[in-house]
Amino acid sequence: MRILVVDDEPLVRIGIKSAIDWQAHGAEIVGEAEDGEQALRMMTELSPDVVLLDIKMPKMDGIEVLRVAKDRQLPPKIVVLSSFDEMVYVKEAMKLGAFDYFHKPDMNEQELMAMLNSIREQFGVSHVPASPGMAADAAASGKDKALYDALHGHSFDLSGTSLKEGNIYVVLFRVKQYHSVMKRYSEGSEMVLPSTIQHVIQEMLSSEKEIEYLRLSREMSAVLISNSELKSLLASLNRVNNVVQMISSALKRFVNIDIILGISDWCADFTEIARGYKQASKALSHYFYRPDDAVFYYQHLKVGSSEVRRQADEAVVQMKSALRDGDSRQFLDLLGRWEQLLLQGACMDPQDVKKVYEGLLFMMGEGAADSTAVGSDGPMRSVEEIESFRELSAYYRLIFEDRLGSRERKAHKGYSQLTRNIIAYAEEHYKDSLSLKLFGDQFHVSPNYVSRLFKQEVGQGLFDYINALRIEKAKELLKDYRYKIYDVAEMVGFHNQAHFAIVFQKYAGVSPKQYRKEEV
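No experiment lies behind these values; they were computed from the predicted model shown.

A. Looking closely at the packing of aromatic side chains. In the structure shown here, the tally under the stated rule is 15 aromatic pairs. Aromatic pair Phe-494 and Phe-500: ring centres 5.5 Å apart, planes at 55 degrees, arrangement tilted. Residues Phe-494 and Phe-500 agree in their burial class; the two are buried. Feature note: the residues Phe-331, Trp-338, Tyr-357, Tyr-395, Tyr-396 and Phe-400 constitute an aromatic cluster, connected by ring pairs. The lysine or arginine in question, Arg-470, covers the ring of Phe-494, its NZ or CZ lying 5.6 Å from the ring centre. In this arrangement the basic side chain of Arg-516 is found over the ring face of Tyr-481, its NZ or CZ atom lying 4.6 Å from the centre.

B. Inspection of the UniProt feature "modified residue: 4-aspartylphosphate" (unreviewed entry) in the protein chain at higher detail. The positions that UniProt labels "modified residue: 4-aspartylphosphate" (unreviewed entry) are, in the present scheme, Asp-54. Inspection of the secondary structure assignment puts Asp-54 in strand E3 (residues 50–54). On the accessibility criterion, Asp-54 (3% relative accessible area) is buried. When neighbours within four sequence positions are excluded, Asp-54 is seen to be in contact with Val-6, Asp-7, Asp-8, Gly-62, Leu-81 and Lys-104.

C. Fine view of the packing of helix H15 (residues 417–429) against helix H17 (residues 447–458). Between H15 and H17, the shortest axis-to-axis distance is 10 Å and the interhelical angle comes to 95 degrees. What the angle tells us is that H15 and H17 run roughly perpendicular. Facing H15, whose interface residues are Leu-418, Thr-419, Ile-422 and Ile-423, H17 presents Tyr-449, Val-450, Leu-453, Phe-454, Glu-457 and Val-458. A per-class count over the contact of H15 with H17 returns eight nonpolar, one polar and one charged.

D. Representation of the pairing of E3 within the structure. Across the five residues of E3, five count as buried, placing the element largely inside the fold. Taking every second residue as pointing to the same face, both faces of E3 are buried, with Val-50, Leu-52 and Asp-54 on one and Val-51 and Leu-53 on the other. Here strand E1 (residues 2–6) pairs with E3 via four bridges, running parallel. Within E3, the position partnered with Val-6 by the bridge is Leu-53. Bridge count between E3 and strand E4 (residues 77–82): five bridges; the pairing is parallel. Counterpart to Asp-54 in the pairing with E4 is Leu-81.

E. The environment of Ser-321, seen in detail. Among the secondary structure elements, Ser-321 is positioned in helix H11 (residues 306–325). Accessibility expressed as a relative area gives 30% for Ser-321, which makes it partly exposed.

F. Summary view of helix H16 (residues 436–443). What H16 keeps buried is the set Phe-439, Gly-440 and Phe-443. Across the axial projection of H16, the buried residues extend over an arc of 100 degrees, all falling on one side. Contacts from the buried residues of H16 go to H15, H17 and helix H18 (462–478). In the segment just after H16, His-444 is the residue with positive phi, at about 60 degrees.

G. Representation of the sheet that holds E4. Here five strands make up an open sheet; going across it, the order is E2-E1-E3-E4-E5 and the pairing parallel. Where the open sheet ends on each side, the last strands, each with one partner, are strand E2 (28–33) and strand E5 (100–103). Geometrically, the sheet is characterised by an average inter-axis angle of 20 degrees between neighbouring strands, direction not taken into account. Together, E1, E3, E4 and E5 form the strand contacts of helix H5 (residues 109–123), whose direction differs from that of E5 by roughly 175 degrees.

Analysis parameters
All chains use their own residue numbering, which begins from 1 and follows the written sequence. Local features in this predicted model are restricted to residues of pLDDT 70 or higher, and side-chain atom pairs are both shown and tallied only at a pLDDT of 80 or more, whereas totals for entire chains, interfaces and linings draw on every residue. With hydrogens and water stripped out, all remaining heavy atoms of the structure feed into the side-chain values. Ring pairs are drawn from Phe, Tyr and Trp, using the six-membered ring of Trp, whenever the two centres fall within 6.5 Å, and their geometry is named by plane angle: stacked under 30 degrees, edge-to-face over 60, tilted for the rest. Here the term buried applies to any residue with accessible area under 20% of the maximum for its type, exposed to any over 50%, and partly exposed to those in between, with areas from a 1.4 Å probe on protein chains only. Charges are assigned to positions over rings by a cutoff of 6 Å between ring centre and Lys NZ or Arg CZ, combined with an angular limit of 35 degrees from the ring normal. UniProt positions are given in the numbering used here, feature names are shortened, and annotations may be inferred rather than shown by experiment. A run of DSSP states H or I qualifies as a helix once it reaches four residues; a run of E qualifies as a strand once it reaches two. Both are numbered from the N-terminal end. Only heavy atoms enter the contact rule, under which two residues are in contact if any of them lie within 4.5 Å. To get an axis, fit a line to the C-alpha atoms, keeping to the stretch in contact for a helix; angles then go from 0 to 180 degrees between the N-to-C directions. Angle categories: roughly parallel below 35 degrees, roughly antiparallel above 145, roughly perpendicular from 65 to 115, and oblique for all the rest. All amino acids are sorted into three groups, where Ala, Val, Leu, Ile, Met, Phe, Trp, Tyr, Cys and Pro are nonpolar, Asp, Glu, Lys and Arg are charged, and the leftover types, Gly among them, are polar. Strand pairing is assigned whenever DSSP detects at least two bridges linking the two strands. An arc is given here, and it is the one of the directions from the helix axis to the C-beta atoms.

Structure representation (structure tokens):
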């Protein structure tokens, strides 16, 4: 069934095209018209089976179109689109031979399909053979395939596109918080959003020269822009900026979604488009580290140095070693250092970051993370919905701390009652002056026995354990600038700032001053 959509409002045309998967129902939108004169011309040229016709339009309204169509004996079945205050016109339209009418505010998929089926049953209009939808790799026939091949470095021919060689830019964009946005749509209507996006962009770019759009997936699209008539790179980039702004504004206005965009550096000719695609992908990935921004230019990226990446890789090795040694405090400290390096240098792709987190979690046992975790404020989003590094860090840190705490609780079950008492006393009195004699007197055993038993059961000396505990407490206090460093030293049991600095450096790997600078 071939359908012509006639309405002077772009948003209405977009809504009708996007409302359902027409092809899956054996139908095809063969054209769009924005006024009555254009509608009559397209009815003759395209021979549609059904015309969805607005009543109020410029140049020639729907009633006049119906009169002319009746006089010319044009065969399409005309379905009138109206608003609530146009019922007088609707009655006149039905007298002129309209097949049915819809109130635009209430029009939905079920009513549209019921109308199409009714036309099929009454007039024997055949289905348009349904063809397979675009595959996941976007390898469709014709122009889309050529664009896809150019982006991915395959053999291509762009002669059938509007692109020309000269100052070409690749723009990638995806829906921000896609999983949350999709909750607006009912089950079975998952393709409405990507279809609507495609129709909005195509409508908006229809009057633009040297621009092509390609949907890559449900949440990702590409726009290729050439500027052969502009000799200046600045003028070309200004045009790209204007197009990007148009796309963002249109999707916000018509679909109420926000998008994130990655923009390549300029490409001299078609052979560089694949490089531009990689650049735009790299730029887009930086949203992971900078979620407050929406547009990312490859040429403006802050690229992390190889030294920062080397330090980050080394921290991963050290974290794994700490886990093998069962040193939870050292692991969490190294984890914070690794995360700080990533934030400073944005030196690791998001997927690689997730692999590191999952690898560390695997080392802790009990399998990978659950699809969701629960925080202090209630259920967290699923890991698939997390888009920023800070959210991902918080998600995994919650799980790490829970599992490490569980591991320590299980480990403590194997300690003697005396060792558990010593640990509890140390955690409560770490601020005080502690000694083996004090522990001996407290628990009525010899100081040497306290030292020997603790080292045997815990695997580290009692005062190594106490110093590590004090440094962990100090880290939290150092994040509060109300306290001077010497105040923090005294608050965790050190009466000499120099001694505190030496011990802090040993356990944290940096000085107290440097730690405060990096963490706060």
